[in-house]
Amino acid sequence: MVIFMFKSNLQKLRNAIEFTRIYKANSDDIYIREAKCLDFQLRHILVPMDENDGIAGRYEHDFAGFTSQVGGYSAQIGCCYTYYFDEFDFLLAMRECENELTEEEKAELSTVHMFWHEETTARKLDLAFAKRYGYVPPKGYQGAGAGNCDCRVAGTNLDFEKLMTLGFDGLDREIDAAAEKNGASSFYTALKMWIESLRGACARYREQALAFSETAQSETARRRFAALSDALLAIQHNPPKTFLEGVQLMWIYAVSSDLMNYGRMDDYLGGLYAADVDAGRITEEDGVQIVLALYKHFKEINKIHDCRVIIGGLGRRRPEAADRLAIVIMEASRRFREVVPQLTLRYYSGMSEEVFRKAMEVNAEGTTFPIIYSDETNIPAVQKVYGVSREEAEQYVPFGCGEYVLVGRSVGTPNNGINALKALEIALHNGVDKFQNVRCGVETGALSEFDTFEKLYDAVLAQLKPIIDSFAVHKYLNYAVAGENAPYLHLSLLLDDCIARGKPVFEGGVRYLNASSEMFGIISCADSLTAIKTLVYDQKRFTLEELVHILDCDFEGYDAERRLCLDAPKYGNDDDAADAMATRLFADLADMTIAAGKAAGLDHYNIVSVNNSMSAEWGSLCEASACGRKRGSAMANGNGASIGADKNGITALLNSMSKFDNSKHVGVINNVRFTKELFAGSMDKVGAVLKAFYENGGVQTNLCVVGRDDLENAMAHPENYQNLLVRIGGFSARFVTLNPVVQREIIERTTYGA
């Protein structure tokens, strides 16, 4: 995340005093309290425009505040949820500003510190979980065990179409009508206060835009700021009438709310764009420049694990206009060539060939975008997994690393990680994390007790079940504790059915209270189980005790045995035995998670396999595994093959990837890397292969167009490869900025060439 220096630490400390005073003074009504805290917050976190801005709105958070998630997953682990407190930086600032603070301010700040140390919502969640289980779960993968989780409300995709249609005044009228029907309430009052705070933000930025228009050094800049000033005035009350007004309205709402995902942008803005172009108010190039002005703010926040912009797909209200804007958005991404936004195209049979071709061309330049998802696969799957109508399922969107939510209808935060390969390691050591040398799992039995493969397989699931069950409860409490402390006005205003029901999002307002669980190491675990079944139980090449000893030795002195493990059937080659193990394990983990969610009180709790860099980082803390992987090496990423194990060609890999039951998950990722020569030189053929995949059970592809030689050279000479982009799993990054462990994992992936 980019660190701005618009405010001094002294200002932030004084803001913390006032924010705390407002919080305490309004604690008798959580709805009004949040509205007043947000109004103060917007006046202080929204920082000035600069002379290069084409869209207004940027923030710099204070030490104490309110947010779904400060800058994403965790600006600091555990401090980024609902009412948060950045204790570490707060204390550093107190020391830095000691000579500038009055004695009265020092006393007040000490009180602030003691107050928020206990009052943060994250702290309350920890206490609620500990009350049930007697401990606080680990918050990072570095600790022992097969699971970790933390707190946030991530990925909610709001109904921006509603915002564009009604504008602020229209939303006010909708609230008034609901209050007349349901009865007045402080929740409705607080929603209207939130809208007024947003109007105030627009007004303040309008004054800045006017000032820039008067001091601009060029006529182009003067016109740009004058137009922006007009837009900021218009959207204070009216629905947007131009593309610029629409983009500005979306962004002022998003940046004020700390939103990190921006939904079906081509749909809710496409009509405004097409109308402007058709009327001659703007050109296509003007549209590209407006989108690039928005991208500038995305990059300032630089939330690489989020920042999804969705284009294409079924269920759009004005598909022709949306397709026109989709091409403009892709062109902006081609020029911008950054790791944000995570531009995502939803493919469907019969879609515009011009749009699909543009997507292939932009990917061919090594941008890693757009990521492509299949509506042919995902819409029917979402219908089943969520139990919703096709109309609702058509509004699925991937957010973050690739988890699904329904636009305007559901929440689905993914706050935990569970490592299937680590669970196998623990099962093979009767409850001990061998790498960490810590007993942290269930005592599922000595190796001699696993006289059949099924007993070993059941032991792995037994290691995972208590983690899955407790994390489902943690997810439920994550929402419940948030709802006890705040109405989340910024979400409740644009989520069905909060206004109609007169209830905030986490008090029964949202239509579907969903969550997701991020699974790591599924494929590495499955390949290891296949190897164990093949070599120990079927072929009896060695006993289970002998194999575990070999693994504990990290294959040192056992090269021949490692070769047997490497040569055992592997997922990713269209091998029936290996693929059956992968799909079986995937389905069992999915079913356990679904059951745990129902028991905990969630509408739906589903697995995702959309790994970020933790497939490599967490792999660095795992013992050697029976798939042939060495100690500390990366696990397979997402639903991709074990590193370098896909040896039968691209068609075989895609066939393996298409065998999972897609009604049991809410997001998987499939990394596929091509050489530039093959992708660009045979684009039509590659496109045909990909379309066949999308139309025959394939969920999505992360396309990376780069050769292995370029990656090797970039490790050796990073100064020459500063702009080399790669797809990790659930996000993209500049290759030279990555941890060497992650770099090596990417290099070892299979590259498909001519």
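Residues numbered from 1 in each chain as written. Predicted model: local features only at pLDDT ≥ 70, side-chain atom pairs only at ≥ 80, totals over all residues. Heavy atoms only, no water.

A word on the packing of helix α16 (residues 420–427) against helix α17 (residues 453–485). Between α16 and α17, whose axes approach to 8 Å, the crossing angle comes to 115°. Our classification of the angle between α16 and α17 gives roughly perpendicular. Pair α16 / α17 crosses with right-handed handedness. From α16, Ala423, Leu424, Ile426 and Ala427 reach across to α17, where they touch Ala459, Val460, Gln463 and Leu464. Considered class by class, the residues forming the contact of α16 with α17 number seven nonpolar, one polar and no charged. (Axes fitted to C-alpha atoms, helices over the stretch in contact; angles between N-to-C directions. Helix = DSSP H or I, 4+ residues; strand = E, 2+ residues; numbered from the N terminus. Parallel < 35°, antiparallel > 145°, perpendicular 65-115°, else oblique. Left-handed = near helix turned anticlockwise from the far one by under 90°. Contact = heavy atoms within 4.5 Å. Nonpolar A, V, L, I, M, F, W, Y, C, P; charged D, E, K, R; others polar.)

All right, on to the state of the cysteines then. Applying the stated criterion to the full structure yields zero disulfides. Among the cysteines around Cys498, which has no disulfide bond, Cys37 carries the closest sulfur, lying 20 Å off. Among the cysteines around Cys627, which has no disulfide bond, Cys565 carries the closest sulfur, lying 8.2 Å off. (Disulfide = S-S within 2.5 Å.)

To continue, consider the pairing of strand β7 (residues 396–399). Burial along β7 is two-sided: the residues Tyr396 and Pro398 and Val397 and Phe399 are all buried. Taken together, the four bridges between β7 and strand β8 (residues 403–406) define a ladder with antiparallel strand orientation. Each bridged residue has a counterpart across the sheet, and for Phe399 the counterpart in β8 is Glu403. From the end of β7 to the start of β8, which pair antiparallel, there are three residues, and Gly400 there has a positive phi angle of about 50°. (Buried < 20%, exposed > 50% of the residue type's maximum accessible area, 1.4 Å probe, protein only. Pairing = 2+ DSSP bridges.)

What follows is about the packing of helix α7 (residues 186–215) against helix α8 (residues 219–234). In the contact formed by α7 and α8, the axes pass within 8 Å of each other and the chain directions differ by 160°. Classified by the interaxial angle, the pair formed by α7 and α8 is roughly antiparallel. With respect to the hand of their crossing, α7 and α8 are arranged in left-handed fashion. Two secondary-structure elements touch here, α7 through Cys202, Tyr205, Arg206, Ala209, Leu210, Phe212 and Ser213 and α8 through Arg222, Phe225, Ala226, Leu228, Ser229, Leu232 and Leu233. Tallied by class, the residues present in the contact of α7 with α8 amount to 10 nonpolar, two polar and two charged.

Okay, the pairing of strand β13 (residues 512–520) next. Across the nine residues that make up β13, a large majority, nine, are buried. Burial along β13 is two-sided: the face carrying Tyr512, Asn514, Ser516, Glu518 and Phe520 and the face carrying Leu513, Ala515, Ser517 and Met519 are both buried. Examined bridge by bridge, strand β10 (residues 414–419) and β13 share four bridges and lie parallel to one another. Bridge pairing in β13 links Pro414 to Ser516.

A few words now on helix α14 (residues 375–386). Since the α-helix packs 3.6 residues into each turn, any two residues three or four apart lie on the same face. With 12 residues, α14 should reach 16 Å at 1.5 Å per residue; the first-to-last C-alpha distance of 15 Å fits that figure. Taken together, the buried positions of α14 are occupied by Asp375, Thr377, Asn378, Ile379, Ala381, Val382, Val385 and Tyr386. For α14, the N-terminal cap is Ser374; the gap from its side-chain oxygen to the backbone nitrogen of Glu376 is 3.3 Å. Of the residues one or two after α14, Gly387 is the one with positive phi, at around 65°. (Expected span 1.5 Å × (residues − 1). Polar contact = N/O pair within 3.5 Å; in protein donor to acceptor, adjacent residues only side chain to side chain.)

All right, on to the sheet that holds strand β6 (residues 371–374) then. Spatially, β4-β5-β6-β17-β16-β20 is the arrangement adopted by the six strands of the open sheet, whose pairing is mixed. Among the strands making up the open sheet, the edge pair consists of β4 (308–312) and β20 (751–752). Pairing of β6 with strand β17 (residues 700–705), which is carried by two bridges, proceeds in the antiparallel orientation. Paired with Tyr373 across the strands is Gln700, a residue of β17.

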